[in-house]
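Here's the letter readout for the chains.
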Amino acid sequence: MNHRIRLSSLSRSLCWLLLLLSPLLSAKEADRNQPIYLEADRVIINEKTGTSSYEGNVKLRQGTLEIKADKITVLKSETRIEQLMAEGEPVHFRQDGDIPKENIRGYANQVTYHATDSRLKLKGKAHIWQNRDEFMGDEIIYDMQRKVVNARAGSQGKNRVHVIIQPRGEEKEQQGE
């Protein structure tokens, strides 16, 4: 089953996710200018092809952005990152927003960011939380340029896309507004 959702209240969540996973962009403005720290059991960097591979208990940190994966592969041109692929069982990510209600976390078995067309793809048990809202599906593709989310259920049709949007009135009460 295929669902297209024009972004509204869900746009903030997925926009933050896109910003979270790109080393070129950042959900938190201050994170953008921070160095990127990577830890892995093995690292292979091929300057000729512009490919770098980080394998085994990989941890990426840039400011408040944290990604934990089994493997992260980065494809780079001479001037910029073209694609970032993270794989794991699952890949975990989190980042603080500029304000607490913009904090985001989630996981998926595979996360790919395509920088050339500003597209983010989460595949395999994808689950995103922002504040108390949740978005779940087997595959979530976010097109940043068109601002379109395309969420799909599993190929067998057994799993469905799930979205939970909490009432905003309760959020204000919890924040003491």
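Treat the numbers as computed from the prediction; the structure is a model and nothing was measured.

Things to note about the overall build of the protein
No. 1: Looking only at helices and strands, one finds 2 helices and 11 strands in the protein.
No. 2: Secondary structure elements of the protein occur, N-terminal to C-terminal, as β-α-β-β-β-β-β-β-β-β-β-β-α.
No. 3: Across the 177 residues of the protein, 42% fall into the buried class.
No. 4: A fraction of 46% describes how many contacts in the protein between residues 6 or more apart in sequence connect residues 24 or more apart.
No. 5: Summing over all exposed atoms, the protein offers an accessible surface of approximately 10100 Å²; the carbon and sulfur share of this is 46%.

A few points about the pattern of salt bridges
No. 1: Inspection of the entire model under this criterion finds 6 salt bridges.
No. 2: Of the charged contacts, one joins Asp96 and Arg94 as a salt bridge, the two residues approaching to 2.8 Å between their closest N and O atoms.
No. 3: The exposure class assigned to Asp96 is partly exposed, which follows from its relative accessible area of 22%.
No. 4: Residue Arg94 is classed as partly exposed on the basis of its relative accessible area of 34%.
No. 5: Linking Glu139 and Lys121 is a salt bridge whose minimum nitrogen-to-oxygen distance equals 3.7 Å.

Comments concerning the nonpolar core
No. 1: Counting 28 residues, the largest nonpolar core has Ile67, Ile72, Val111, Leu122 and Ile140 as its most contacted members.
No. 2: Elements represented by at least two residues in this core include exactly β4 (51–62), β5 (65–76), β6 (81–95), β7 (104–114), β8 (119–130), β9 (133–143) and β10 (148–152).

Concerning the packing of aromatic side chains
Any aromatic ring pair is given by two values, namely how distant the centres are and how the planes are angled relative to each other.
No. 1: Using the criterion set out here, one finds 1 aromatic pair in the structure.
No. 2: A centroid spacing of 5.7 Å and a plane angle of 50° characterise the contact between Tyr107 and Trp129, whose relative ring orientation is tilted. Here Tyr107 is found in strand β7, whereas its partner Trp129 is found in strand β8, with 22 residues between them in sequence.
No. 3: What makes Trp129 buried here is its relative accessible area of 17%.

Digging into the pairing of β7
On a regular strand, one side chain projects to one face of the sheet and the next to the other, so that they alternate.
No. 1: Relative to β7, β6 runs antiparallel, the two being bridged by 10 bridges. From the neighbouring strand, Met85 faces β7, where its bridge partner is Thr112.
No. 2: Two strands pair when backbone bridges link them, and β7 and β8 are joined in this way by 9 bridges, in the antiparallel orientation. Its bridge partner lying in β8, Thr112 is registered against Lys121.

Comments concerning the confidence of the model for the protein
No. 1: Per-chain confidence: the protein averages 76 in pLDDT, with 75% of residues scoring 70 or above.
No. 2: Looking over the protein, one finds the lowest element-wise mean pLDDT in helix α1 (residues 9–21), namely 41, and the highest in strand β3 (residues 42–46), namely 95.
No. 3: Note on residues 1–27: pLDDT is under 50 here. Beyond four places in sequence and across chains, it has 86 contacts.

A short note on the side chain of Thr73
No. 1: You can see Thr73 is positioned in strand β5.
No. 2: In this view, Thr73 contacts Thr51, Ser52, Ser53, Gln83, Leu84 and Met85; residues no more than four positions away in its chain are not counted.

Conventions adopted
Residues numbered from 1 in each chain as written. Predicted model: local features only at pLDDT ≥ 70, side-chain atom pairs only at ≥ 80, totals over all residues. Heavy atoms only, no water. Helix = DSSP H or I, 4+ residues; strand = E, 2+ residues; numbered from the N terminus. Buried < 20%, exposed > 50% of the residue type's maximum accessible area, 1.4 Å probe, protein only. Contact = heavy atoms within 4.5 Å. Areas by Shrake-Rupley, 256 points an atom, 1.4 Å probe, with all protein chains shown as cover. Salt bridge = Lys/Arg side-chain N within 4 Å of Asp/Glu carboxyl O. Core = buried A, V, L, I, M, F, W, Y, C linked by side-chain atoms within 4.5 Å. Phe/Tyr/Trp six-rings, centres within 6.5 Å; stacked < 30°, edge-to-face > 60°. Pairing = 2+ DSSP bridges. pLDDT = per-residue confidence, 0-100.

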